[in-house]
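Now for the letters of each chain:
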Amino acid sequence: AIALLLALTLGLALLVTAAKDYYSTLGVSRSASDSQIKRAYRKLAMELHPDKNPGNEAAAAKFADVNHAYEILSDADRRKVYDRHGEEGLKQHDARSAQGQGQGMGDIFSQFFGGGFGGQQGEPETPKGDTVVIDVAVTLEELYSGGSRTVVRDKSVIVPARGTRKCNCQVRMVTKQVGPGMFQQFQKKECDECPNVKMQREQVSLTLEVEPGTRDGHKLLFFEEGEPEIDGDPGDLEIRVLTSSHERFARDATNQADLHHTAHISLADALAGFELELKHLDGHKVKIGAKDITRPFQVRTFKGQGLPRFEEYSKFGDMHVTYEVDFPKSLSADQKAQLRKLLG
C-alpha cells in the first residue's frame, strides 16, 4: 500500500511537471546557469512587454508566464524544490514557507548574522554595458515594400590581453566568534583570478529588417549588440528608423501611412481637364488626371494609394495630390481677347 501511494504521488508530480515546464518557458536547459536564466528572461521580457505589444493578449499571457518562470528559477531554494518534486511540490513548499515553517538553521543565522553561517547573500545585479542608439535613414521604396539592409558600425569588443586580472569580485559578510557567546561581523572581498582582457574598436555588421510601413522614429532593439562590459552583460543596440526625403513623395507627419505628391499642370489642363499618370513607389501607375476644372492648389485624395499601415500590411493609407497650376508668363492681345470672349 505504501509503495502504491508513493508511485501515485510520484506520477502526479511528474504529470504536473510536464504540464508546466519553467525551463521551456524561458527557452533554457535544466542545467542552465543563473546568468543564462537571467539573460534569457531579460530578452523575453523585452520582447513581450505590454508596452511593446499593446492590445496583444497572447503576448501579455506569455509575459506573465515568463515572469512567473523567472520568479521560480531565480530563487535557488525554490528551483531545487521544483527540480526534485515538480510544481506540486513547489506549491507545498511555498505554503509551508508562508506559514513560517521549513526554515533551516542556516536561514535563521543568515537573517540574524547576515549570512555568516552559510546563508546565501542576494545575488548582486550583473553590470550591463551602455545602450547605443544609431539613426538609419531608409527610403520610401523600402518602407513601401519592406526589405533588409546591412548596417556597419564601429563598436568596442573584448579581446584577450597579456597577464591576469582580478575578476568576479564579491563582498561577503563573515561572522567570527571572538568569545563565548560573542560574535564579530565584518566584510571580506573575494575575487577570482582570470585571464586579462582589453577593449578594442572593430567594425561589425548586422542585418536590419525594414518592415513595410515602419513609423518614422521607430526603434528596433538588438539585444546585447551595444557596448560590452567586462565581467558583465553587453548593452543593447537601438536602431532608430528615419524616413529619407524623396523626389516625388512626402510622408505625412501625423498619419504616417499617408503620402503627399505635388503635380504641376498647365492652365489649359486646369480648365479643360487632363490625363496624367504617376509612377508609384513599387512601379505601378496611378491615374491622377481630372475631367473637371482643377483649381490652383486643389487637393484630391486617392484612397489606398499610400504606404502600408505598420503591422497591418494588408491595409494602406491614402495619397493626397496637390495640383499647382502653371500660369503663362505672358499673353498676346489676341489671346487675351479670345479668353475674354470664351470666359466672359
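Each remark here, short or long, concerns the structure printed above.
Rules and cut-offs
Residues numbered from 1 in each chain as written. Predicted model: local features only at pLDDT ≥ 70, side-chain atom pairs only at ≥ 80, totals over all residues. Heavy atoms only, no water. Core = buried A, V, L, I, M, F, W, Y, C linked by side-chain atoms within 4.5 Å. Buried < 20%, exposed > 50% of the residue type's maximum accessible area, 1.4 Å probe, protein only. Contact = heavy atoms within 4.5 Å. Helix = DSSP H or I, 4+ residues; strand = E, 2+ residues; numbered from the N terminus. Lys, Arg positive; Asp, Glu negative; His and termini not counted. Salt bridge = Lys/Arg side-chain N within 4 Å of Asp/Glu carboxyl O.

Draft legend 1. The arrangement of the nonpolar core in detail. Ranked by internal contacts, the top residues of the largest apolar core, which has 31 residues, are I239, I288, M319 and Y323. Setting aside chain neighbours within four positions, we find Y323 in contact with A263, I265, F274, I288, T294, R295, P296, F297, Q298, R300 and F302. Of all hydrophobic cores here, the second largest spans 21 residues; its members include L26, A32, F63 and L90.

Draft legend 2. Representation of the side chain of D258 within the structure. Tracing the backbone through its elements, the reader meets D258 in the loop between strand 6 (250-251) and strand 7 (259-266). The side chain of D258 sits in the buried core without any salt bridge; R309 is the nearest counter-charge, 4.8 Å away. Aside from chain neighbours lying at most four places away, what touches D258 is A250, R251, D252, G317, D318 and H320.

Draft legend 3. A look at the pattern of salt bridges. Within this structure, the stated rule accounts for 15 salt bridges. For E224, the salt bridge is made with R39, and the minimal N-O distance between the two is 3.3 Å. Placement of E224 in the loop between strand 4 (219-222) and strand 5 (237-243) and of R39 in helix 3 (residues 34-48) is noted, with a sequence separation of 185 residues between them. For E224, a relative accessible area of 15% corresponds to the buried category. Using a relative accessible area of 32% as the deciding quantity, one classes R39 as partly exposed. Across the pair D233 and R39 runs a salt bridge whose closest N-O atoms are separated by 2.8 Å. With D233 in the loop between strand 4 and strand 5 and R39 in helix 3, this pair connects stretches of sequence that are 194 residues apart. A single salt-bridge network, built from bridges that share partners, covers R39, R42, E224 and D233.

Worth remembering: the numbers are spatial, not functional.
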